[in-house]
Amino acid sequence: QNLAMPSAAFRPVRSFQTPNLSPFPGLDRGIRVSKNAERWTDDRGEDEMTFVFLEGGTGVGKSTLTWKLQKMGYNVYFEGFVDLCKQHPHLPPTSATMTLKWSSRLMSHLEEVNRLHAQGKIKGSVAFFDR
């Protein structure tokens, strides 16, 4: 069962096919890693957080993947850009002001993750962001 189906334009660079290659137990099939991603290693410091940004076109399975990650106990944060645009209909989505509002929201999420991590409330020291 594929959790994230790549679009026709997406050419996977690396696929997690065996549990020992997947950093997230239960997500060892159908996951594709960006060519820019570094191979997951266990040599992260105990205090170090990992931020994973999930990206992809409409219908590739991001919602399914984020649902499963949440069910597995991971912290998932949603971009909410469409909602942000609805809250500020007077601002064009491509405006500098909207970009700053979106960036500010992302920074707030990152700060929250770091605060929760300091309290030991982030599973596996990893947080996912659905973009």
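Our structure's up above, just so we're on the same page.
All values reported here derive from a predicted model rather than from experimental measurement.

Undergrad: Teacher, can you tell me more about the packing of aromatic side chains here?
TA: The geometry of an aromatic ring pair is captured by two quantities: the separation of the ring centres and the angle between the planes. This structure, assessed with the given rule, holds 4 aromatic pairs. The interplanar angle of 20° and the centroid separation of 4.9 Å between the aromatic rings of Phe-53 and Phe-129 together place this pair among those described as stacked. Here Phe-53 is found in strand β3 (residues 50-54), whereas its partner Phe-129 is found in strand β5 (residues 126-130), with 76 residues between them in sequence. By relative accessible area, Phe-53 is classed as partly exposed at 36%. Considering the side-chain rings of Tyr-77 and Phe-129, the 5.4 Å spacing of their centres and the 25° angle between planes classify their relative orientation as stacked. In this pair, Tyr-77 sits in strand β4 (residues 75-78) while Phe-129 sits in strand β5, placing the two residues 52 residues apart along the sequence. Comparing Tyr-77 with Phe-129, the two get one shared label, buried. Joined through ring pairs, the aromatic side chains of Phe-51, Phe-53, Tyr-77 and Phe-129 make up one cluster. The cationic tip of Lys-123 hangs over the ring face of Tyr-74; the distance from NZ or CZ to the ring centre is 4.6 Å.

Undergrad: What is the right way to read the sheet that holds β5 from this model?
TA: Strand pairing in a sheet takes place through backbone hydrogen bonds and is either antiparallel or parallel in direction. Pairing within the open sheet is parallel, and its 3 strands lie in the order β3-β5-β4. The open sheet has two edge strands, β3 and β4, and neither has a second partner. Pairs of neighbouring strands in the sheet enclose a mean axial angle of 25°, with direction left out of account. Pairing geometry for β4 and β5, over 4 bridges, is parallel. Bridging from a neighbouring strand, Tyr-77 pairs with Phe-129 of β5. Against the sheet, helix α1 (residues 62-71) contacts β3, β4 and β5, and its axis sits at roughly 145° relative to β4.

Analysis parameters
Residues numbered from 1 in each chain as written. Predicted model: local features only at pLDDT ≥ 70, side-chain atom pairs only at ≥ 80, totals over all residues. Heavy atoms only, no water. Phe/Tyr/Trp six-rings, centres within 6.5 Å; stacked < 30°, edge-to-face > 60°. Helix = DSSP H or I, 4+ residues; strand = E, 2+ residues; numbered from the N terminus. Buried < 20%, exposed > 50% of the residue type's maximum accessible area, 1.4 Å probe, protein only. Lys NZ or Arg CZ within 6 Å of the ring centre and 35° of its normal. Pairing = 2+ DSSP bridges. Axes fitted to C-alpha atoms, helices over the stretch in contact; angles between N-to-C directions. Contact = heavy atoms within 4.5 Å.

Purely geometric stuff here, so don't read any function into it on its own.
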